[in-house]
Amino acid sequence: MSQLPKFFRVLAILVSALMLCVGSASAHSGLKRAEPAANSSLKRAPAEIKLQFTEQLEPAYSSVTVEDKDGERVDNDDARVDPANASLLRVSLKQLAPGTYTVIWRVLSVDTHVTEGRYTFKVE
Amino acid sequence: MNGLLYASLLLHVAACSLLTGASFLLVLAGRPKDEAAGRWERMALSASKWLALVALGAGLIWFALRAATFTGRPETALDPSAIFAAAIDTWAGKVWLIRQGLLAFAAAWLFLAGQPASRADWIASRWLLLTLSAAALVLMSLSSHAAAIERQLLVHWADILHLMSAGLWIGALPFLAALLFISSRDQETLQPFSRRALVRFSRVATLLIFALVGTGILTACHLVGDVPELVGTTHGRLLIAKVAVLVPALLIAARVRDMLAGPGSTPLSRRIALHVTVEGALVLGILGFAIAMMLSVPGKHGSPTWPFPIRYVPDPGAFPFWRTLTPQQNAIALAACGLFALGLLVSLWRRPRVLLAGVAASVAAVLAVLSWNGSTVQANPASYARSPVSYDVRTLDRGRESWQQHCPACSIDLARLPLSATVGDLFWLTGEGDKELGVPSLAAKLDEETRWSVAQYLRASATAATVTAGGGTQIRPGLIPAPDFDIVLGPLQLGTLSDYRRGRPVLLVLYSLPQSRERIEQLAKRHAQLAVYNVEIVAVPRHSSGNPIAELATASPALFPIVTEANGAIVRAYDLFAAAAGHSEFLIDPRGYIRAIWPNDEWRNADDEIEALAQQFLDEAPPDEADEHQTH
């Protein structure tokens, strides 16, 4: 029995070390597909941005905005998760002039993880 | 923040599991009939009170921290109204509210309820505690990875059963160890009670472990994915660590079962108690890995870093049976294999030599089957990495331009690139260079995204070189993924090709007038007939013009989309595979792979083949959402 405390100490150190090696938490729902696609060049200005994610989204904490090269908002501030597809985020756009635009998104998936990102597209 | 999240979630789940396990063991051991057994029961109930409080407190801290990540503002964690809003406005918040409500009910009952007077009261009160704590634990599944990713009922139920089995097994062990230690000190009065509890727990634990392994394999198949994700992502490696700790815990459990066959003397009780304590410590370690898995990106959505210098490549057409299975059927088959292996382990436990010989024979048989049906090739860390750029005609165009611009003198013969080379291998090649192939390192000239585009282009070109060298119209399944593109008809946007397909075969027609007029007329007439086979037609004029529909002016109306934008990129991408500059047709299967190409005038013999192939697609495994190749 005299070996017992030593054994548990070693076990506790091993388990703690393993648990410390697990790495940090990170975001989950990834952008699966974007319309217009990242870095695409369009002849016709799109009327809407559609972002398809890998996981289902929480509407209250999922948003997407679109800015022109001067940082001015060009979306209609109506970002919403599609009622028929909980992984699809959409926002309608104002009439876009030729130029480069940046799509900025931040979403919360139903497993409580946040992901954010941005990409650009061009209207010729 | 991440450390706090991890610590609070670990504390919350551990407390919930221990509470569930304690109430489970109280039910399993039965009503104590003597003072000593009653003492242990009071100790377990007293511990349960504090566990319920810890679970509630840690749950509150965890959700407050989560609410801060929802808004992106750390101060939200200290703002009750913002936390309440997060709880009301999100699915995970509602699930959390219900779970906290159940825990609060359990805590109130534990603190306020008195000692049950009758046997019926005792049974009702213990079952109430078990139901409340188990429900609080398993409802976590409703806001887990499984709930977020999969819509399949089987995965949800597997996740719920997995949580339940883990909670009952992990949570009960420390209380069982306490019971056995007390028993070994107070042999005369407590031993029969503790022995009964141990025997009952041992029987139930066997079932729990089988449930744990079966459901664990099912959920892992859906959340982790394949071998590269298992060994190459944090999520997968945590799973390996979990299993590595599970194995000694199972061996100790088996040893305890053996000890139960012996006489119930005090020294033996102490030994059993010690074994159960170590088993409990190990499974609590497993819980640590499980929580880390909850907070990490599911392997299926990660980008694996391959850790070995070689990798296995099955021969084309090898394992035909497995290829016909859907991912869900594959997961069920793997779970069945896992349970069979566990069954053998349990039944052969007392015959270690037979067991070792069986394991060695199984490993040898698996290696023989693998080597018979495939081979190993050189690998690198990027071999299975996921391309951040999508596999579409624009990416191929960009890749081609960059390749020709930055490597005009490259003497690489695309046909020499092995078909087994993945896009990741080619990305690695563009970074490291290869003197033998005549490829310089482009790492200094191109950013990573452009190198991925180049890799996609090289992969497509290498596959195309092999296909065109082989001749024939049909292409084996899974060889050439169809590059994606937007289907735009004048002002109408029908989405991408992969959206439009929706699991149906598509006949893609690249045409030019006037050469293709006869075929387009024919397709306009045959459109309805092809629709019977679920085959959709998409036509792309080789040369973009103002009004391609008016230009066609078919006698029968062409009731299929005629793409009016990005024609050049589409044509250049698909011409890679057809090696033709005239009328070409491509049949794309429901999984999104090109299965037949008819270049130039070969379409005259195409119709019967299209119908035969469409019929064949019906017999093949249906496409899975996760199987959609976006990047290849």
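What counts and how
Residues numbered from 1 in each chain as written. Chains lettered and ligands numbered in written order. Predicted model: local features only at pLDDT ≥ 70, side-chain atom pairs only at ≥ 80, totals over all residues. Heavy atoms only, no water. Core = buried A, V, L, I, M, F, W, Y, C linked by side-chain atoms within 4.5 Å. Buried < 20%, exposed > 50% of the residue type's maximum accessible area, 1.4 Å probe, protein only. Helix = DSSP H or I, 4+ residues; strand = E, 2+ residues; numbered from the N terminus. Domains from an automatic or database assignment. Contact = heavy atoms within 4.5 Å. Pairing = 2+ DSSP bridges. Buried area = accessible area lost by both parts, 1.4 Å probe. Salt bridge = Lys/Arg side-chain N within 4 Å of Asp/Glu carboxyl O. Polar contact = N/O pair within 3.5 Å; in protein donor to acceptor, adjacent residues only side chain to side chain. Nonpolar A, V, L, I, M, F, W, Y, C, P; charged D, E, K, R; others polar. Axes fitted to C-alpha atoms, helices over the stretch in contact; angles between N-to-C directions.

## Remarks on the nonpolar core
Residues and elements named next belong to chain B.
Part 1 of the argument: Residues W40, W169 and F201 are the most contacted members of the largest nonpolar core, which totals 102 residues.
Part 2 of the argument: Per element, the largest residue contribution to this core is 17 residues, and it comes from helix α1 (residues 2-29).
Part 3 of the argument: Inspection of this core shows a minimum of three residues originating in each of domain 1 (1-143) and domain 2 (151-309 + 325-372).
Part 4 of the argument: Excluding anything up to four places from it in sequence, W40 contacts L25, L26, A29, F175, A178, L179, I182 and F193.
Part 5 of the argument: Residues A464, V538, Y574 and A580 belong to the second largest nonpolar core, which totals 33 residues.

## Things to note about the sheet that holds strand β5 (residues 80-81) of chain A
All names here are of chain A.
Part 1 of the argument: Taken in spatial order, the 4 strands make up an open sheet running β1-β3-β6-β5, and their pairing is antiparallel. The sheet is open, and its two borders are formed by β1 (31-35) and β5, each paired with just one other strand.
Part 2 of the argument: Inspection of the sheet shows β5 paired to strand β6 (residues 88-92) by 2 bridges, in the antiparallel sense. Within the sheet, the bridge partner assigned to V81 lies in β6 and is L89.

## Regarding the interface of chain B and chain A
Part 1 of the argument: With 55 residues of chain B in contact, the opposing surface of chain A contributes 37 residues.
Part 2 of the argument: In this assembly, chain B packs against chain A so that about 4000 Å² is buried in total across both faces, 56% of it on carbon and sulfur atoms.
Part 3 of the argument: Inspection of the chain B/chain A interface yields 1 salt bridge.
Part 4 of the argument: Across the pair R33(A) and D499(B) runs a salt bridge, and its minimum N-O distance is 2.3 Å.

## Notes on the domain arrangement of chain B
Residue and element names in this part refer to chain B.
Part 1 of the argument: Segmenting chain B into domains produces domain 1 (1-143), domain 2 (151-309 + 325-372), domain 3 (393-470) and domain 4 (480-627).
Part 2 of the argument: The C-alpha-based centres of domain 1 and domain 2 are spaced at 24 Å.
Part 3 of the argument: If you look at the interface, domain 1 gives 34 residues, while domain 2 gives 32 residues.
Part 4 of the argument: Linking domain 1 to domain 2 there are 5 residue pairs in polar contact (both at pLDDT 80 or more).
Part 5 of the argument: Elements that contribute at least two residues to the side of domain 1 that touches domain 2 include exactly α1, α2 (35-71) and α5 (119-138).
Part 6 of the argument: Ranked by residue count, the leading element in the side of domain 1 that touches domain 2 is α1, at 15 residues.
Part 7 of the argument: Classifying every residue of the side of domain 1 that touches domain 2 by side-chain character gives 25 nonpolar, 5 polar and 4 charged.

## Examining the sheet that holds strand β7 (residues 99-108) of chain A
The strands that make up a sheet are held in pairs by hydrogen bonds between backbone atoms, and each pair lies either parallel or antiparallel.
Part 1 of the argument: Within the open sheet, the 4 strands sit side by side as β2-β8-β7-β4 (chain A). Their pairing is mixed. At either margin of the open sheet sits one strand with a lone partner, and together these are β2 (41-42) and β4 (63-67) of chain A.
Part 2 of the argument: Judged from the 2 bridges that link them, β2(A) and strand β8 (residues 114-123) of chain A form a sheet pairing that is parallel. Within β8(A), the residue paired with S41(A) across the bridge is K122(A).
Part 3 of the argument: Together, β7 and β8 of chain A form the strand contacts of α2(B), whose direction differs from that of β7(A) by roughly 170°.

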